[in-house]
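Next come the chains, spelled out residue by residue.
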Amino acid sequence: LRENHFRLFTANETPSRESSLPSRSVSPSEINQTRTLAMWPPTLSFAAPLLLALLALARAEGHYHQGELVPLWANKIGPFSNPTETYEFFDALDWCRPEKLEHRKLNMGEALQGDRLVKTDYQMPFNESSDATKVLCKMKLGVEGINKFVDAIKQRFVYDLLLDDLPMRLFVGEMSSTLATGDTGVTRSRFYVYTHIDFLVAVNGDQIIEASASPGFPVEVEVPDGGELEFEMSYGLRWEQTDFPYSRRSDKYKDPHHYRDIEIHWFSVLNTLISVLVLVIFLASVLARFVRQDVRLVTRGAGAEDGDEGDDSKEIGWKMLHGDVFRLPEGLDVLCPILGAGAQLLLLCGLLLLLGVFELFHPLQRGTLHMTTLVLYLLTSFVSGFVSGHFYKGLGGSQWMRNALITVVIFSGPAFVVGALLNLTAVIYRSTRAIPWWVSGVILGLWCLVTFPLTIVGAILGKNFTRLFEAPHKSAKLPRQIPDCAWYRTRTALFFMAGGVPFCSI
């Protein structure tokens, strides 16, 4: 077809003698037009299969045929009491490891969250229930393997399984305490590993709606006389029909007491706001009382005639600081960037709380919170530059470019150092919390292409739309000397107390 098409539409070919159509000269524009038409079918021949493949992929997402194997993915494993300590599933325990590990590609949010999805050997034929117990593998554990399982059970390790992106969380085993032989009253801990999993999957047509798993068949983990512990890992699979729509399957994974928790949450927020408001009113009334007393004394002294009382009253209370109140601060290169970074973080936290109030973060959407935080931080970099440039220009700063560069790194620099140390620690302990190198490269690229330019642009706009600060009262030429204070009111003591009080309140 392509050759016939070229032969039919190419204008450079000589017309056939048997043709009854009169020959004429062809213009260059017509030649280009016919060549463009001649190239359209080959382009369409490559685009059409790609378009059909994309449509088929979109159609096949979440749809399965009868008997089609649904992959079951194993995610991270770690202590239940410490969600930040996670390891890869087959690295932490010798648990029916496949001959070849097949990892699923992760998006950036999943990688930042510490997910590591590995395909397991569980055979899950779609919508085909079986009452027979299936054997996954036969395990032989030596002393080292038994100690790993004992340590995992002690720390209450849990692991995540995903079936069609539906999470299932299971404990490795359980621990019980029994009295030792004799009347000594000493208890002995026994450790049991779950060797069986019952899967129950609800489907609606050719789509999976809900998946749950229940562990069972506990086997005691102890070193036998032969030196090795042998047991079988098995599972059962049962499918059931449901009329629940696929578009609302995420509602299945919401806590049944979720809406009651929302009411309690809003009650706590309202209670906190009222408490803060009462404290602010109380402090304002106390300050207003002292200010009134000082104003009264100053007014009385100003109205008095030349006397000692009038002269002494002019230098008491807030009147003593009238010449230093509007003195411009020092260290603008540090103060203004800190103000800009603080404004950015405050806006970032407010936006995240607002999105959380509207329930835009769901457990089925893994990594959404991390990606949202990253994107919002990148976009709010403009705010940090604007606030920093605004205060720097208003307080009389002249080297705005240096101020903008410091603003760029005032938060991201220490965060990078701390993150690098934590990531190095995670790599040493082989934790899934270690950020992959490609994610670090993407974050660095986004910082260079988004954060840096937006901060500079914000600093430029901040300084251009700001006037110099005009104080309502002139400052004294010489600053007033600050008297010596107790040790607990020094800068060093206040530095540690200001950082320790929030942790003590928690």
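For every chain, the first residue of the written sequence is number 1, and numbering continues from 1 along that sequence. For this predicted model, a pLDDT threshold of at least 70 governs which residues receive local features, and a threshold of 80 or more governs which side-chain atom pairs are given and counted, while totals over whole chains, interfaces and linings are taken from all residues. To get the side-chain values, all heavy atoms of the structure are used, and hydrogens and water are removed first.

Asker: An account of the overall build of the chain is needed here, citing residue identities and associated values.
Answerer: Secondary structure assignment for the chain yields 13 helices and nine strands. Exposed residues in this analysis have more than 50% of their type's maximum accessible area, buried residues have under 20%, and partly exposed residues fall in between, with area computed by a 1.4 Å probe over protein chains only. Each of the 506 residues in the chain was classed as buried or not, and the buried ones make up 29%. We call two residues in contact when some of their heavy atoms are within 4.5 Å. Partitioning the contacts of the chain with sequence separation of at least 6, the portion at a separation of at least 24 is 73%. Accessibility throughout is a Shrake-Rupley quantity obtained with a 1.4 Å probe, and a residue counts as covered only by protein chains that appear here. Carbon and sulfur atoms form 63% of the exposed surface of the chain, whose accessible area is close to 34,000 Å². Comment: elements are numbered from the N terminus, with helices defined as DSSP H or I runs of at least four residues and strands as E runs of at least two.

Asker: Quick one: what's the story with the environment of Lys140, residue by residue and with numbers?
Answerer: Assignment of secondary structure puts Lys140 in strand S3 (residues 130-141). Along the backbone, Lys140 and Phe231 are 91 residues apart, and their C-alpha atoms lie at a distance of 6.9 Å. Setting aside anything within four residues of it in sequence, one finds Lys140 in contact with Glu228, Leu229 and Glu230.

Asker: An account of the state of the cysteines is requested, with residue identities and associated values reported.
Answerer: Only a pair of cysteine sulfur atoms within 2.5 Å qualifies as a disulfide here. The tally for this structure, following the rule as stated, stands at one disulfide. Between the sulfur atoms of Cys96 and its disulfide partner Cys137 the distance amounts to 1.7 Å. Across the S-S bond linking Cys96 and Cys137, the dihedral sits near -60 degrees, which makes this disulfide left-handed. Placement of the pair is Cys96 in the loop between helix H3 (89-92) and helix H4 (108-113) and Cys137 in strand S3, with a sequence separation of 41 residues. Comparing Cys96 with Cys137 shows no difference in burial state: the two are buried.

Asker: Can you tell me about unusual backbone geometry, naming the residues and giving the values?
Answerer: The residue Asp165 is not glycine, and still its phi comes out positive at about 65 degrees. Position of Asp165 among the secondary structure elements: in the loop between strand S4 (157-163) and strand S5 (166-171). Even without glycine at this site, Arg430 takes up a positive phi of about 55 degrees. By secondary structure assignment, the location of Arg430 is in the loop between helix H11 (400-428) and helix H12 (437-464).

Asker: How would you summarise the nonpolar core if you had to cite specific residues and measurements?
Answerer: Trp95, Phe149, Tyr159, Leu161, Val172, Phe199 and Ile208 are the most contacted members of the largest nonpolar core, which totals 50 residues. Apart from residues no more than four positions distant in its own chain, Ile208 is found in contact with Gly62, Tyr64, Val70, Phe126, Asp164, Leu166, Val201, Ala202, Val203, Trp239, Tyr246 and Arg249. Grouping buried Ala, Val, Leu, Ile, Met, Phe, Trp, Tyr and Cys residues that are joined through side-chain atoms within 4.5 Å yields what is termed a nonpolar core. Leu112, Leu374, Leu378 and Val439 belong to the second largest nonpolar core, which has six residues in total.

Asker: Account for helix H8 (residues 332-357), naming residues and giving values.
Answerer: In a regular helix each residue adds 1.5 Å, so 26 residues correspond to 38 Å; H8 covers 37 Å between its end C-alpha atoms and thus fits that length. Listing the buried residues of H8 in full gives Leu332, Asp333, Cys336, Pro337, Gly340, Ala341, Gln344, Leu348 and Leu352. Among the structural elements, helix H9 (368-379), helix H10 (381-394) and H11 are those in contact with the buried residues of H8. Looking one or two places after H8, you find Glu359, whose phi comes out positive at around 55 degrees. Helix span, as expected, comes to 1.5 Å for every residue beyond the first.

Asker: Now, about the pattern of salt bridges: what can you tell me, with residues and values included?
Answerer: Salt bridge, as used here: a side-chain nitrogen of Lys or Arg that lies within 4 Å of a carboxyl oxygen of Asp or Glu. Tallying each qualifying case throughout the model produces 16 salt bridges. Note that Glu110 and Arg366 form a salt bridge whose closest N and O atoms lie 2.6 Å from each other. One end of the pair, Glu110, is in helix H4; the other, Arg366, is in the loop between H8 and H9, and 256 residues separate them in sequence. For the pair Glu110 and Arg366, one class covers both residues: buried. Ionic pairing is found between Asp165 and Arg366, a salt bridge with its closest N-O pair at 3.9 Å. Placement of the pair is Asp165 in the loop between S4 and S5 and Arg366 in the loop between H8 and H9, with a sequence separation of 201 residues. Through salt bridges with shared partners, one network takes in Lys76, Arg104, Glu110, Asp115, Asp165 and Arg366.

Asker: Would you mind going over the packing of aromatic side chains in detail, with residue names and values included?
Answerer: Each pair of aromatic rings taken from Phe, Tyr and Trp, with Trp reduced to its six-membered ring, is defined by centres within 6.5 Å and is described as stacked if the planes are under 30 degrees apart, edge-to-face if over 60, and tilted in the remaining cases. Throughout the structure, instances matching the rule amount to 16 aromatic pairs. Plain terms: the ring middles of Phe126 and Trp239 are 5.3 Å apart, the flat faces sit at 65 degrees to each other, and that makes the pair edge-to-face. With Phe126 in the loop between strand S2 (118-119) and S3 and Trp239 in strand S9 (residues 229-241), this residue pair connects regions lying 113 residues apart in the sequence. Assigned by exposure class, Phe126 and Trp239 land together as buried. By the criterion adopted, a ring carries a charge over it if an Arg CZ or a Lys NZ lies within 6 Å of its centre and within 35 degrees of its normal. Sitting over the face of the ring of Trp73, Arg104 holds its NZ or CZ atom 5.6 Å from the ring centroid. A cation over a ring is seen here: Lys463 above Trp400, with NZ or CZ 4.9 Å from the ring centre.

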